[in-house]
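Residue-level structure breakdown
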2 protein chains.
Amino acid sequence: VIVSDTVLSSATREVVIGHGRPFVVIGERINPTGRKKLAAEMAAGDFSTVVADVHAQVAAGAHMLDVNAGIPLADEPAILAETVRLVQTLTDLPLSIDSSIVAALEAGLDAYVGKPLVNSVTGEEERLEAVLPLVAKHGAAVIAITNDETGISEDPDVRFAIAKRIVERADDHGIAAADVVVDPLVMPIGAMGTAGRQVFALVRRLHDELGVNTSCGASNVSFGLPNRGVLNAAFLTMAIANGLTSAITSPLHEEIRAAIMAADVMTGADAHCRAWISRFRDPAASVGSSEGGRRRGGRAARVSGPQTEAS
Amino acid sequence: VIVSDTVLSSATREVVIGHGRPFVVIGERINPTGRKKLAAEMAAGDFSTVVADVHAQVAAGAHMLDVNAGIPLADEPAILAETVRLVQTLTDLPLSIDSSIVAALEAGLDAYVGKPLVNSVTGEEERLEAVLPLVAKHGAAVIAITNDETGISEDPDVRFAIAKRIVERADDHGIAAADVVVDPLVMPIGAMGTAGRQVFALVRRLHDELGVNTSCGASNVSFGLPNRGVLNAAFLTMAIANGLTSAITSPLHEEIRAAIMAADVMTGADAHCRAWISRFRDPAASVGSSEGGRRRGGRAARVSGPQTEAS
């Protein structure tokens, strides 16, 4: 099985998720879930925090941005479409359009210029039938979450089987396996000591047997534990060592961003260590030392990250 | 192939290197190579820096200590034996006896109480014939370096073949594969972009096909690059994700020590995250924040690290 590249785009820029390529960081910040102030602002048509989150994540070296407008009692389809349009005026990074409401995904997709990532579909029959036609119609790629009607299985074999089913169902709708990015689902390791090993084995199997790219929300692994940044960094680098190709995370966490860049050096994806050297050759720009370091990080990532200009 | 445990001991304490167990950190500090002041002190019979290095590494959570007395023009066998005896009065951690001179290894082994690790033998015929009988006679374990008369091969298949030959030759001398800890040799990634992938694949193969434990000096990987601590931490966690079970490194580098502890959480080797929580539950004890953090780290590692009291 050969793992195919997942190509995402805006009007003028492509990002490729793929094995042997620099790891793709999908910035998670534009999401009102658990951010009351942001939710109230967005519901009231105030996008100033969204604008700031776009600029900060771009500067920090994000390769794509996730956009979510999940605000209770608000007109989510309209707000998501408006946010997508706004963000596309601010950055040429491709977006991940994130909602649990199908009508919102549809509005976001209608508003989007380029080939986005749809976040997400699960293995639930009703979701597959609602989301996959949308993904196919818009020529998008999709994140496949490995749970179904029975919930999230603690058995990685069940999660693998769900991933396989989603890839097959996507194929029925004319969506290539290359356009399905599987999220193996990360459990809190404080509650389940095998959570790490499970995900590492599952990522490797998804790579070897299904030939799909993978993505995950990394921070769940450290839920409830102290010093989460170091745990999340270790989790991500170990998952990358097993073949993980992207993650939805915050590029503003300097510890995580540096660990991912170091992992790119170790896999050889950062050719000639160019991004690493460009980011860190100034001895003052050590991890977390300064805002200056972050700004340099942004420039370096744009020079040598996975983006390529669309021809 | 089942990977066997490598059991090392002092008079009163055992440390086990093995798959699924906490990663074993072998403290590298007691080594005059490149430390002119230490070399001059040791040659003059002044062991005050050695004493300080023992205490600092034990407090920082080392599981074993490497002891080297390689001082040009000095009586290395006598000094190594004296250092081994001294260190064993200061700590009950098992030791790795480190010399390129066979007579020094012999003197160190004669002085040692317990079952040490011999650092090291290579695949060179003359070294195999000189070192393996010593290892067998003293019932020790040995680090096998994967180079031979032809030097260090850039081809990982050649390095694997050398490891296999050393394991077979050790067996001829009555030394079990469990007592051969293979060093896959880490090249500088700045000079060879495939260095990381090579070692990860080689560690996995040594685990899967030869069933041996592995060890490496991690810091070589980042030679010549900036921000080496983050690179070394990423390298080690990724190598652990591929099955590396020990490393000769400095436990005084808080970044490395924390990354290794995080990797133990992720592999499930730190049961119930006990060592992690004990080390970091005080929010003030974040990485590199204080000497206090280091002292706590020492205690945590001794409670829940791989050491067990010998019965």
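A short tour of the structure in this document, coming up.

About the cut-offs
Residues numbered from 1 in each chain as written. Chains lettered and ligands numbered in written order. Predicted model: local features only at pLDDT ≥ 70, side-chain atom pairs only at ≥ 80, totals over all residues. Heavy atoms only, no water. Pairing = 2+ DSSP bridges. Helix = DSSP H or I, 4+ residues; strand = E, 2+ residues; numbered from the N terminus. Axes fitted to C-alpha atoms, helices over the stretch in contact; angles between N-to-C directions. Least-squares fit on C-alpha atoms with pLDDT ≥ 70 in both. Contact = heavy atoms within 4.5 Å. Salt bridge = Lys/Arg side-chain N within 4 Å of Asp/Glu carboxyl O. Buried area = accessible area lost by both parts, 1.4 Å probe. Polar contact = N/O pair within 3.5 Å; in protein donor to acceptor, adjacent residues only side chain to side chain. Nonpolar A, V, L, I, M, F, W, Y, C, P; charged D, E, K, R; others polar. Buried < 20%, exposed > 50% of the residue type's maximum accessible area, 1.4 Å probe, protein only. Expected span 1.5 Å × (residues − 1).

Further remarks concern the sheet that holds strand 6 (residues 117-122) of chain B. All names here are of chain B. The parallel closed barrel is built from eight strands, whose spatial order is 3-4-5-6-7-8-9-10. Each adjacent strand pair in this sheet contributes to an overall mean axis angle of 30°, direction not counted. Inspection of the sheet shows strand 9 (residues 213-217) paired to strand 10 (residues 246-249) by three bridges, in the parallel sense. Within strand 10, the residue paired with Cys216 across the bridge is Ala247.

In this section: the relation of the copies chain A and chain B. Under the fitted operation, chain A is carried onto chain B by 0.0 Å of movement along the axis and a turn of 180°, and the coordinates agree to an RMSD of 0.0 Å. Here the transformation between the copies is reduced to the relation of a two-fold axis. For chain A, the residue whose C-alpha comes nearest the rotation axis is Met238(A), separated from it by 2.4 Å. A share of 100% of interface residues in chain A that are also interface residues in chain B marks the association as one of identical surfaces.

As a further point, take the pattern of salt bridges. For the structure on display, the rule yields 25 salt bridges over all chains. Of the charged contacts in the structure, one is a salt bridge between Glu125(A) and Arg169(A), with a shortest N-O distance of 2.7 Å. Separated by 44 residues along the polypeptide, Glu125(A) in helix 5 (residues 125-137) and Arg169(A) in helix 6 (residues 156-172) bring together distant segments of the chain. One salt bridge in this structure joins Asp53(B) and Arg35(B), with 3.0 Å as the shortest N-O distance. You can see Asp53(B) sitting in helix 2 (residues 48-59) and its partner Arg35(B) sitting in the loop between strand 3 (24-30) and helix 1 (36-43), a full 18 residues away along the chain. Via salt bridges that share partners, Glu125(A), Glu129(A) and Arg169(A) belong to a single interconnected network.

Look at the link from Asn119(A) to Ser120(A): it is a cis peptide, with omega at 20°. Along the chain, the position of Ser120(A) falls in strand 6 (residues 117-121). Unusually for a residue other than glycine, Asn227(A) sits at a positive phi of about 50°. Within the secondary structure, Asn227(A) sits in the loop between strand 9 (213-217) and helix 8 (228-241). Positive phi is not limited to glycine here, since His272(B) has a value of about 55°. Summarising the element assignment, His272(B) is placed in the loop between helix 9 (254-267) and helix 10 (274-280).

Quite often, the size of an interface is put as the accessible area lost when its parts meet. In this assembly, 34 residues from chain A lie in contact with 34 residues from chain B. Approximately 2,700 Å² of surface area, both sides summed, lies buried where chain A meets chain B, with 76% of it carried by carbon and sulfur atoms. Per-residue buried area on chain A facing chain B is highest for Met238(A), Met266(A) and Trp276(A); these three make up 25% of the total on that side. Where chain A packs against chain B, one counts zero salt bridges. Inspection of the region where chain A meets chain B yields seven residue pairs in polar contact (both at pLDDT 80 or more). Every element with two or more residues in the side of chain A that touches chain B is listed here: helix 7 (195-210), helix 8, helix 9 (254-267) and helix 10 (274-280) of chain A. In terms of residue class, the side of chain A that touches chain B is built from 23 nonpolar, eight polar and three charged.

All names here are of chain A. Strand order in this closed barrel of eight strands is 3-4-5-6-7-8-9-10, and the pairing throughout is parallel. Direction aside, neighbouring strands of the sheet carry axes that sit 25° apart on average. Relative to strand 6, strand 5 (residues 95-98) is paired through three bridges, and the arrangement is parallel. Counterpart to Ile97 in the pairing with strand 6 is Val118.

Our next topic: the pairing of strand 3 of chain B. All names here are of chain B. The buried count for strand 3 comes to five of seven residues, which makes it a mostly enclosed element. Pairing of strand 3 with strand 10, which is carried by four bridges, proceeds in the parallel orientation. Paired with Val24 across the strands is Ser246, a residue of strand 10. With three bridges joining them, strand 3 and strand 4 (residues 64-68) adopt parallel strand pairing. Across the sheet, the residue bridging to Gly27 is Leu65, located in strand 4.

The end-to-end C-alpha distance of helix 2 (residues 48-59) of chain A is 17 Å, a good match for the 16 Å that 12 residues give at a rise of 1.5 Å each. Once helix 2 of chain A ends, the next one or two residues include Gly61(A), with phi positive near 100°.

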